[in-house]
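As a plain string of letters, each chain reads:
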Amino acid sequence: MAKVMTASSTEMQNNFGKYLNIVIKGQQIIITKNGRKVARVIPETAAVSYLTDSLTGILKGDDKLDEEKDKELRAKYEVVG
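Residues take numbers from 1 onward in each chain, read along the sequence in its written order. Only residues with pLDDT of at least 70 are given local features in this predicted model, and only at 80 or more are side-chain atom pairs given and counted; all residues enter the totals for whole chains, interfaces and linings. Hydrogens and water molecules were not included; the side-chain quantities draw on all heavy atoms of the structure.

Asks: Quick one: what's the story with the environment of isoleucine 22, residue by residue and with numbers?
Replies: Runs of E in the DSSP output that reach at least two residues are strands. Runs of H or I that reach at least four are helices, and both are numbered from the N terminus. When you line up the elements, isoleucine 22 lands in helix α2 (residues 16-24). The classification of residues rests on relative accessible area computed with a 1.4 Å probe and restricted to protein chains. Under 20% of the type maximum is buried, over 50% is exposed, and intermediate values are partly exposed. We classify isoleucine 22 as buried; its relative accessible area is 17%. Taking the C-alpha atoms as reference points, isoleucine 22 and methionine 5, separated by 17 residues in sequence, lie 9.3 Å from one another. Excluding anything up to four places from it in sequence, isoleucine 22 contacts Met5, Gln27 and Ile29. Here, two residues are considered to be in contact whenever any of their heavy atoms come within 4.5 Å of each other.

What follows is the structure, encoded as structure tokens:
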């Protein structure tokens, strides 16, 4: 996955078309407000994939992801923590 871009809410508001084109090309953007991460804009295909992966355990009745699957999902979606 490409590096995630960061933009302030003001920058995003003033240049929405530019950032929308970046997302259309497949890159994610984290939006910050006063230096704090507040949102993430991701391409539609990534959103569907993320939701599918997230719900896999729930749909199977397994509400606890094993450690390996958890690491895999965090790496795939660049989740820190």
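Asks: Residue-level account of α2, with values.
Replies: The periodicity of an α-helix, 3.6 residues per turn, causes residues three or four positions apart to be oriented the same way. Among the residues of α2, those classed as buried are Tyr19, Ile22 and Val23. Buried residues in α2, looked at end-on, bunch into an arc of 100°, giving them a common side. Looking one or two places after α2, you find glycine 26, whose phi comes out positive at around 110°. The reported arc concerns the directions from the helix axis to the C-beta atoms and nothing else.

That's the geometry; what it means functionally is another story.
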